[in-house]
Every structure is written in C-alpha cells, then in structure tokens.
Amino acid sequence: MASILAGLGNDYSVLQLRGTASWAGKPFNGLLWLLSELPPESLSDPVYVLQFLRKAFQEKAAGRRLVLAVENPADLDAATAAVLLQLCRAGSALLLATARDLSACSGELVRWWAEGSVHRESLEPLRPGATRVLLEELAGGQVSHRLVAQVQRRSRGNPLLSSMFLREQLNAGTVLKRHGTFVWTGAVSYSGALADRVAAETVALSPAERYAADVLAVTGALPPLLLLRVADPVAVERLEQDLLIVSGPAGTVQLKDPLLEEAAAALVPPGRAAEIRSLFAGVVSWVPGSGPQAPEAARRRAAAAAVREAADLSRRGRWEEAAAAARRCLQAADEQGVEDSGGPDLLSDLFHVFLQCGDLREAEDLLSRLDKATEGAELHGGNDLCAGTVQVLGGRADRALDYLRRAIAQFEADGTAQLLPLAHSAAAYACILLDDIDTAYGYLAAAVDPGPAGKDLPAASDSAETAQWAALTRRLTGLCAVRGVTGGPGPAAAGADLDLPGALLVLATAALHGHPGAAEELGETATGCSGDAAQLYLELAEALTASEPEGLCRAAERAYQLGHYLTAYEAARSAVRLSRAQADRARLRAATRIENASYRMLRTANSVSDRLSELSDFEQRLALGAAAGSSSSHLAAALHLSPRTVDWHLGRIFQTLRVSGRAELRECLETEHQHE
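Mind laying out the sheet that holds strand E4 (residues 142–143), listing which residues take part and the relevant values?
Reading across the sheet, the three strands line up as E4-E6-E5 and stay open at both edges, with mixed pairing between neighbours. Each edge of the open sheet is held by one strand with a lone partner, namely E4 and strand E5 (175–178). Both E4 and strand E6 (residues 181–184) contribute to a ladder of two bridges, which runs parallel. Directly across from Val 143, in E6, lies its bridge partner Phe 182. Seen against the sheet, helix H7 (residues 145–155) touches E4, E5 and E6 and runs at an angle of roughly 55° to E6.

As structure tokens, then:
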C-alpha cells in the first residue's frame, strides 16, 4: 500500500483511515476524528453525515482526486463502510484497502467485491527464495542462507519486516560482509526502527495490557490458562482483539510475530524481566510431553525411531528399504506438520539418509520443501552447505560453488569451524570440475588446515552428525584424488577409509576414468546392496568390464534419474564412443540423447536457453520456429530457402544446442522456462 500511495503523484490526495477493534462498538468508528465537530445526535442521520463528509473530503482533496487508504477494514462498523462505499460509487473518492480476511468485513464491502466492482490482489508471505532476492537487493550483494533463515524466521515472509530488520542489522554492524557475502553473526540490534515499531504497537496499551505483552515477550508462547494465571484476563482479551496476541503452536498463544516478540523482550526493563522469570519459576505446572502435548511428543519419538532405522539400513547398503522408509517418514511429516514430527532435526536426518542411498534428487527435493515454508527452517550445517554438497556430488559445479562460497563465508564469521573441512573439500571438487586446478589446491589446503577460523575446531566426536559430515568430507577428497588433485595416495588408497556409499561413488568415478581394476572392484563392492544406486553401480561395472554400450546407456539413464548428472554424462559418453565404433546407429542415438540431457544439467551455461544466445539471429529464428512446430517446408518458404538448406542449418543448430531434434528442443525450452 505504501508503495502504491508513494507512486500516485501530485494529482492525488491521500486520506488514511484505520479500523480499530477497541472502537468497534461506536457508530462511524473509522471516521470519528472527522465527525468530532458534529453534535452527537446528528450521527443518527446517515444522509446528513454523508453530505458533511463529502464536503470535508472535497476540502481536503483541494481539487485533486481523493484516495481513501484504509487499514483493517474488518474493524469498521457497517455505517462507516456504507458511507465510504457511497462516496466511491458517486465518484467522490477511490478506495484502497488492506484486509487480513475479506469475509470478516462488513456485508456492504463483501457484496461490493462480489459484484466484481473491486480488484482483489492476494498477498502471500514471501518464501525463503523470494526473501533472499529481497535481501540481496537491499544489501547490494549475495547473502548466506543462514541470514535468510534468520530473517525469515522473524518476519515470517513479511517483506516490510524483513527489510526493516536487515537495514537495522546492517546499520548496527551485526550483519557483516565477508568474502563478498553478507553473513549472520548471531548478534542482533533492537535500538532503532525495531524499537520504534514496538513503541508504536504498544503506546496505547494500559499497564495491565503491557504487563501481559511483557510476559509473552520474555517467556515466548504459553498455554492460555498459564498466561491467565499471571495476567489480567480482560487485558489478555483486549490484546487478542487488537491482534497483538495470536494462536501459537500446540495450543499456545504468543505475540503476533517473532520479530515483535524479540524486540519487545529486548526492551523489557531488566528488573521486570527478572521478576517475570522468577514468577514463572514458581508457578509453571505445564510440562512439555504431558497433557495436550503428549500426542505430539509421541509422534516425535516414533518419527525419530523410524529415521534411525532408515539411517541404519542405509549404512548397510540396504538402500531400497532405507529410501522407502525415509519417504514414509517424509510423508508422515507432511501430513502431521514438520514441526510436530521433529522439525529440522527430522529433515536433517532424512537428508543424510537420501545422500547415503545415493538419491540426490530426493535430497534436493527435501531442500526445496524448505523453500515452500514461511518459518525459515534450516537443516543442520546450513542449507547452503547441504545444497552445495548435493550439487557437487551430482556434478553441477557452478551451482555448487555459489552455495559453498556462501557457506564458507558464514562458517568463518560465526565460528562453525567443524564444517569448514567439508565446505572446502566440496569447493575443491567443484573447482576441479570447472578446470580451475590452482583454486582447487587452495581449497584442499584449507580443508586440511582451516586457519584462524578453525583454531577452535573441536575434538573428534562420536556423534552421528559429526560422523556424517566427516564421511562426506572423505568422500569428496576421494573424488578429488580420483581426478588427480591430491598430494596424498592414489584413488584406491584414498577410498580405503570411506563409508560404503562413498567407496562406491569413488570407485564408479575411477572406473569411468579407466583406473585399472576399479570396475571389477566396483562390481564386487556393490554386490549385496539393494536399490537404484546399487543397480546403477552393478550395471556400470558390468558394462565397463565388457565394453557393452547398452549397459552403459542403462546405467547412464539410472544415474540421471538419481541426480548423478556427471556420472550419467560420462557413462553415456562412453556408450556413444562404443556405439560409434560398433556402427550401432540405434544405440548411438539413445546414448547421444542421454549424453546431451546430462550435459545440459552440468552447468547453467549448458542449458538450451543460455546456448541460444550463441546462435546468430537467423539461427535463433530457425530454432524457435522448429521448436514451435513449423515444418522445414514452412520455414524454407518464409526465409526463401530450400527445405534441404533449412534441414542442414537445423542439424548444425541441434548440435550446438545439444538436442536430438525438434521435439527435444521444444521440451527443453518449455522445462527451462518453467524453472526460471
């Protein structure tokens, strides 16, 4: 609304009105400040009131077009709504309103909208991806996901609150720029605009209402009965009417957003905050896991047990059972609500199960689920590191490096040194895939010696989470060694201390690069494992040993479906070479198709949309015409060429774009357009 009003220009005069729940019982409650000159008895004559307001509005407009900007129209009484709509219907004013729930407004407003006379724009909370875009525009540079998650959790996708919070932290120096990335330091300032917001929200509160708000600010979400034991019930009811208090998780109440709660808590005088904490230390009888919380606690315990079972299966190579169990856990979490089922802990464990099972697409889909939530959830280790790890294991090096650089900057800023070896190893492998060997050596050196940021690196722990990160680090350094970037042992020795999934991935890469004995060892190691990844490794080992292109095609297709795009590309490329040598044209076409599809996934610049720009204007016209379904004869007639010449040009175009023909070109353009 503020943006629209600011862009109206000098031809408009704006009058701002606001519905207030505390005045809901008074006639013409939204216009009382304008009608204060009238005697009270005249308010019973709506015609007189309408004439008076029309004249008052004309005077305020001073010859310009009047815009009535209304907040909280649901709190306007029927008389106010009727008068405003009459003025709008008569052309005396334009109405711009923001409503939380249109159905809660007066019947006059609802009917006016139902008639089709009103343009309605539904404003949904920003998702984390959109919040990232907003923050990067405000900050003038890329931001870490940790910063996005912290802002999202406090603002719940409200762009105004997100902007306000970021600006205050930038001004206070609590959000820092490190290696070109704005990162979260953990410190928060509530001394500027946020303090002013708290003052504006609470300035009209009575002492009893302020005390109830302070209780929730200091303690967080509370069961209503517990709040009513220490706060005035009438005051609590008034706060609910004014929407300062809203329903929280699992039968609790809380302040309307986390940002208001944190800012208000920071501004509660220390003496009062200590008094509230002391009071609750003596009166709290509500214990999580008892009473109404018992079903949620039981569900969490069941979910945790199911995830532990899936993790155990994945470590033993029973990937088919493990992946199925993980999908059931994820479905149950969706049905019950992620928070009720374990929140980020559950999702983090499931993420690692999918990685263990070799299903990178499932792991990536799990990360994308977090982008659909407005709470700002983050997996253990941070979503930048998790996303970068998935992308680099799949061979998508440029995307991976973007995430990993953000993760490294964040870890160095907040002291999360135990994750730096993994981030550096993953970044090193990404640089190898991008043929930047010198930078890769630098990242590998940093993985061994984290430097000043890693001096507080804790001793090795037996915790499952630490073991997971350590296994991934060894997996990535093993992949670096296979590609010849290491100062240590060769591929076989490098993979000797790997976990089963890591050993198989390293052996598969070594086999595709022709390391002696790697294919045979790959087949032996994969024997006894189950699931799609196991089948991929078995097919790959058998096909490489027998130099059989059909098996390589099957392995490439399976790798592509699992998100292992680099493995798919290298297997398909081998199949193309063998098919060409054997003059098997049908197999060559199939292998080329999967090779091209995998190639397009490896880098952003490999996409059809990006490579279109490499074509001349003439070639782009031909390509887009062919994708749209135009025949060679039709294109030839339009360009005054022969159909044979058009086919020759299209052949070159398809080769440049790495597509097999018109159908695949059209499919790629449609898919890439949907993902933009």
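I'd like a description of the sheet that holds strand E1 (residues 12–18), backed by residues and values.
An order of E1-E2-E3 is seen for the three strands of this open sheet, with the pairing classed as parallel. Single-partner strands in this sheet number two, and they are E1 and strand E3 (94–98). Ignoring which end each strand starts from, the neighbouring axes of this sheet average 20° apart. Here strand E2 (residues 65–71) pairs with E3 via five bridges, running parallel. Paired with Val 70 across the two strands is Ala 97, which belongs to E3. The sheet strands contacting helix H4 (residues 78–89) are E1, E2 and E3, and the helix crosses E3 at an angle near 135°.

Explain the environment of Trp 184 to me, using residue names and the numbers behind them.
Inspection of the secondary structure puts Trp 184 in strand E6. Residue class for Trp 184 comes out buried when judged on its relative accessible area of 7%. For the pair Trp 184 and Gln 169, spaced 15 residues apart in sequence, the C-alpha separation works out to 9.4 Å.

Hey, could you go over the packing of aromatic side chains for me, with residue numbers and the actual values?
Within this structure, the stated rule accounts for three aromatic pairs. With a centroid separation of 5.2 Å and 75° between ring planes, the pair formed by Tyr 560 and Tyr 565 is classed as edge-to-face. The class of Tyr 560 is buried, set by a relative accessible area of 16%. Residue classification places Tyr 565 among the buried positions, given a relative accessible area of 3%.

Run through helix H34 (residues 632–639), naming residues and quoting values.
For H34, the complete set of buried residues consists of Ser 632, Leu 635, Ala 636 and Leu 639. Along the long axis of H34, the arc covered by the buried residues comes to 100°, so they all point the same way. Facing away from the buried surface of H34 by more than 90 degrees, the exposed residues are His 634 and Ala 637.

Please give an account of the confidence of the model for the protein chain that cites residues and values.
Predicted coordinates in regions of low pLDDT should not be interpreted in detail. Of all residues in the protein chain, 90% attain a pLDDT of 70 or more, and the chain-wide mean is 84. Looking across the protein chain, the model is least confident in helix H25 (residues 491–494), with a mean pLDDT of 42, and most confident in E4, with 96. Taken as a whole, residues 453–462 scores under 50 in pLDDT and shows eleven contacts with residues more than four places along the chain or in a different chain. The low-confidence segment residues 487–495 (pLDDT under 50) makes nine contacts with residues lying over four places distant or belonging to another chain.

I'd like a description of the environment of Asp 101, backed by residues and values.
In this fold, Asp 101 is placed in the loop between E3 and helix H5 (107–114). By relative accessible area, Asp 101 is classed as partly exposed at 41%. Between the alpha carbons of Asp 101 and Ser 613 there is a distance of 46 Å; along the sequence they are 512 residues apart.

What counts, and at which threshold
- Residues numbered from 1 in each chain as written.
- Predicted model: local features only at pLDDT ≥ 70, side-chain atom pairs only at ≥ 80, totals over all residues.
- Heavy atoms only, no water.
- Pairing = 2+ DSSP bridges.
- Helix = DSSP H or I, 4+ residues; strand = E, 2+ residues; numbered from the N terminus.
- Contact = heavy atoms within 4.5 Å.
- Axes fitted to C-alpha atoms, helices over the stretch in contact; angles between N-to-C directions.
- Buried < 20%, exposed > 50% of the residue type's maximum accessible area, 1.4 Å probe, protein only.
- Phe/Tyr/Trp six-rings, centres within 6.5 Å; stacked < 30°, edge-to-face > 60°.
- Arc of directions from axis to C-beta.
- pLDDT = per-residue confidence, 0-100.

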